[in-house]
Every structure is written in structure tokens, then in C-alpha cells.
Amino acid sequence: IWVHNMCNLSEKASKIYKKHYDESEKLIKILLYADRGDITLEVPGGVAGAIRHTKETGNLVGGSDHIQKGRDILKKLKKIQKRIDNTHDLPDPAKARLKGMIDPHIKDLEDALK
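Notes on the structure follow. These figures come from a predicted structure and were not determined experimentally. (Residues numbered from 1 in each chain as written. Predicted model: local features only at pLDDT ≥ 70, side-chain atom pairs only at ≥ 80, totals over all residues. Heavy atoms only, no water.)

What to know about the nonpolar core
Ranked by size, the top nonpolar core spans 25 residues in total, and within it Tyr17, Val47, Leu77, Leu90, Ile102 and Leu109 carry the most contacts. Listing elements by their share of this core, those giving two or more residues are helix 2 (11-31), helix 3 (46-57), helix 4 (67-86) and helix 5 (92-113). (Core = buried A, V, L, I, M, F, W, Y, C linked by side-chain atoms within 4.5 Å. Buried < 20%, exposed > 50% of the residue type's maximum accessible area, 1.4 Å probe, protein only. Helix = DSSP H or I, 4+ residues; strand = E, 2+ residues; numbered from the N terminus.)

A word on the environment of valine 61
Structurally, valine 61 is set in the loop between helix 3 and helix 4. Valine 61 sits in the buried class, given a relative accessible area of 8%. Setting aside anything within four residues of it in sequence, one finds valine 61 in contact with Glu42, Val43, Ala50, His53, Thr54 and His66. (Contact = heavy atoms within 4.5 Å.)

Some thoughts on the layout of surface pockets
Size it by volume and the largest pocket reaches roughly 170 Å³. Lining of the largest pocket is provided by 13 residues; of these, Tyr33, Arg36, Leu41, Val61 and His66 occupy positions nearest its centre. (1 Å grid on protein atoms, 1.4 Å probe; cavity = no way out; pocket = protein on both sides within 12 Å on 5 of 7 lines; lining within 4 Å. Points joined across faces, edges and corners; volume = space filled by probe spheres on them.)

Concerning helix 3
For helix 3, built from 12 residues, the straight-helix expectation of 16 Å at 1.5 Å per residue is met to within 8% by its first-to-last C-alpha distance of 16 Å. Where helix 3 is concerned, the buried positions are Gly46, Val47, Ala48, Gly49, Ala50, Ile51 and Thr54. Among the structural elements, helix 2, helix 4 and helix 5 are those in contact with the buried residues of helix 3. The first or second residue beyond helix 3 is glycine 58, which carries a positive phi of 80 degrees. (Expected span 1.5 Å × (residues − 1).)

This is the structure we're talking about:
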């Protein structure tokens, strides 16, 4: 899909876009537990949902505290966000698409970790 949407990019910009896209998609799948196949989650909302659940109830989800995992993913997403901002070979619309992909997850994690 990304190639279709970004077909007007130069070859170099297209490779950079794909790299950022793939990194972001991988983290989002981990964040949402979409990388675990067809499972039923104890609580909705992935890592952020697990953090909220533990804060609200005092009960761990899946026997673990998801706060550190949330912090680690947030740090990685912000690192990608910074790399996107500092990439000179990507036009602003491509940067905006990539950031639009990760920004909601950054905000959700920040909110859950408050």
C-alpha cells in the first residue's frame, strides 16, 4: 500500500519512507499485540490498555506490569518521530503521513503513563 500512496517519491525518498514505515508498523503491532496472531486479549487497547487497567484496578494483566514496556515503546516511537522530522530527503506530505501513523499511539501511551 505504501508504494501506491507514495509513488511520486524519488527512489531514495521511497526507500527512506519504507524504512520508517516498516519500523513504525512493527512497533505498533507490538504495542497493540497484533503480532500475536489470533488471540483474545484480557483487556482492550494493547499495552496502553493494560497500563490503564492496572492503574484503575491494581490488577496486573497477563501477570505482568506493562509500564516499562510502554515506556520502552514510547521511547522508540519518539525516536522514529525525531528521525522523520530530521530526514531532509522526504517531502513534508510524506513526513506528515508517517507521523500521522505514530502520533496517535504516542499520545495514547503518554496518556496511559501519566
